[in-house]
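Examination of the molecular architecture
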Amino acid sequence: MKPSIRILLTGAGSPAAFGVIKSLRLSDAYHFEFVCMDSSPNASGFYLADRIVVGPKATDEAFVPFILQICENEKIDLIFSLVTGELIKLASIQDKLAEIGTSILISSVAALTDAIHKGKLYARLRKSGIETPKFYVVHTPAELIEAIHALGYPQQPVCFKPTVTDGSRGFHIIDRSVDRRRLLFYEKPNSAFISISELHDVICREKTLPELIVMEYLPHEEYSVDVLADEGNVIVAVPRLREA
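Now for a description of the structure that goes with this document. (Residues numbered from 1 in each chain as written. Predicted model: local features only at pLDDT ≥ 70, side-chain atom pairs only at ≥ 80, totals over all residues. Heavy atoms only, no water.)

Read across the open sheet, the five strands follow the order 3-2-1-4-5; overall the sheet is parallel. On the outer flanks of this sheet lie strand 3 (51-54) and strand 5 (103-104), each paired with one strand and no other. In this structure, strand 2 (residues 31-38) lies alongside strand 3, joined through four bridges in parallel fashion. Along strand 3, the bridge assignment pairs D38 with V54. Lying on the sheet, helix 2 (residues 63-73) is in contact with strand 1 (4-10), strand 2, strand 3 and strand 4 (78-81); it crosses strand 1 at an angle near 160 degrees. (Pairing = 2+ DSSP bridges. Helix = DSSP H or I, 4+ residues; strand = E, 2+ residues; numbered from the N terminus. Contact = heavy atoms within 4.5 Å. Axes fitted to C-alpha atoms, helices over the stretch in contact; angles between N-to-C directions.)

With that settled, consider the packing of aromatic side chains. Using the criterion set out here, one finds three aromatic pairs in the structure. Between Y30 and F32 the ring centres are 6.1 Å apart and the planes differ by 50 degrees, which places this aromatic pair in the tilted class. By relative accessible area, which is 38% here, Y30 ends up partly exposed. Between the aromatic rings of F32 and F34, the centroid separation amounts to 6.4 Å while the plane-to-plane angle is 35 degrees, which identifies the pairing as tilted. Using a relative accessible area of 10% as the deciding quantity, one classes F32 as buried. According to the relative accessible area criterion, F34 is buried, its value standing at 1%. (Phe/Tyr/Trp six-rings, centres within 6.5 Å; stacked < 30°, edge-to-face > 60°. Buried < 20%, exposed > 50% of the residue type's maximum accessible area, 1.4 Å probe, protein only.)

Let us now look at the environment of E211. Relative to the assigned elements, E211 resides in the loop between helix 9 (196-203) and strand 9 (212-216). When the C-alpha positions of E211 and L105 are compared, they lie 29 Å apart, and in sequence the two are 106 residues distant. In contact with E211, not counting residues within four places along its chain, are H117, V137, V138, H139, K161, P162 and T163. Separated by 2.6 Å, the side chains of E211 and H117 make a polar contact. (Polar contact = N/O pair within 3.5 Å; in protein donor to acceptor, adjacent residues only side chain to side chain.)

This part is about the nonpolar core. Counting residues in hydrophobic clusters, the biggest one holds 17 residues, and the most contacted among them are L144, I148, I174, I196, L199 and V214. Those elements that provide at least two residues to this core are helix 7 (141-150), strand 7 (158-162), helix 9 and strand 9. A per-element tally of this core places helix 7 first, with four residues. Each residue touching V214, except ones within four places of it in the same chain, is listed here: K134, F135, Y136, V138, L144, A147, I148, L151, V158, C159 and F160. (Core = buried A, V, L, I, M, F, W, Y, C linked by side-chain atoms within 4.5 Å.)

As a further point, take helix 9. Taken together, the buried positions of helix 9 are I196, L199 and I203. With its buried residues spanning 55 degrees around the axis, helix 9 presents them on a single face. The secondary structure elements touched by the buried residues of helix 9 are helix 7, strand 7 and strand 8 (172-174). (Arc of directions from axis to C-beta.)

There is about 180 Å³ of room inside the second largest pocket. Element by element, the count of residues in the lining of the second largest pocket is highest for helix 9, at three residues. For the lining of the second largest pocket, the residue count by class is 10 nonpolar, two polar and no charged. (1 Å grid on protein atoms, 1.4 Å probe; cavity = no way out; pocket = protein on both sides within 12 Å on 5 of 7 lines; lining within 4 Å. Points joined across faces, edges and corners; volume = space filled by probe spheres on them. Nonpolar A, V, L, I, M, F, W, Y, C, P; charged D, E, K, R; others polar.)

A few words now on the pattern of salt bridges. In this structure the tally under the stated criterion is nine salt bridges. We note a salt bridge from E74 to R6, for which the minimum N-O separation is 2.6 Å. Highlighted residues: E74 in the loop between helix 2 and strand 4 and R6 in strand 1, separated in sequence by 68 residues. Comparing E74 with R6, the two get one shared label, buried. Among the ionic pairs, E198 bridges to R180, the shortest N-O distance being 3.0 Å. Of this pair, E198 sits in helix 9 while R180 sits in helix 8 (residues 180-186), and the two are 18 residues apart along the sequence. (Salt bridge = Lys/Arg side-chain N within 4 Å of Asp/Glu carboxyl O.)

Right under this line is the structure:
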C-alpha cells in the first residue's frame, strides 16, 4: 500500500491546478489526497478535490490564521501554493507550519521579495552580471511618458506592466508600427497593444500610477522556464514556448 500524503492546494481556480492534481495522482510512489482551497466557491480545481475549502485571499488579515487552522484541523502534510500573492506570507510562517507537522516547498522571504517584484529582480540580475532589457521603474504619468521615450519610442516599441502582478495582467506594448485597423476588425479584443494616445487618455487625469516597470520590447519567441532548484543546483527545468 502506497504511503499517503495530504496536500493543501491553494489557488484551486488557477489554470495550473488541474495539471498539478492530475500529475501527482499518477505517482507510483505515493497516494495524494487534496484539500483544495480558493477564495471563489466556483474554483475549477474543486472538481478534482477530495475536500474543498473556500477561504480568504492573501491580502486578508485572516489569511495566515486560516491557513494555520486548516493545516492543523486537516492534518496537512504539505502546502502547494499556486498564488503568487500568498508566497511571502507562507514563507514567513514556515516555522509555525512545521510545529503542526506541515511542510512547504518554498524559497526564503528575501529571495521571494526580489523575485516577485520585477524591478528588484531585474536590478538583482543586472548586479549579478546577467543581461536584462533596458528598463525603468516609474510611479507617475510624467515618469511613464519620459521612460517610454527614453527607451526609443516611437522608433522602437516599448512595453510596461506593474512591478508586482500575476501572469500578463497589466502588460501592454506601445508600438506605432502595429496595424490598428487589423487589431480593430480581425484580432481578438484582448490584445496587449495600446497606442500612445490611448495611454494618454487613461493617465491624463492621474497624479500617481501603480508602480510600473517600463522596458524595451524584445521581439521573437517567448519562453517561460519553470525551475526547481536546491541551493542553486537545478533539479529539473521545464521550458515552455508561448504559442498563443
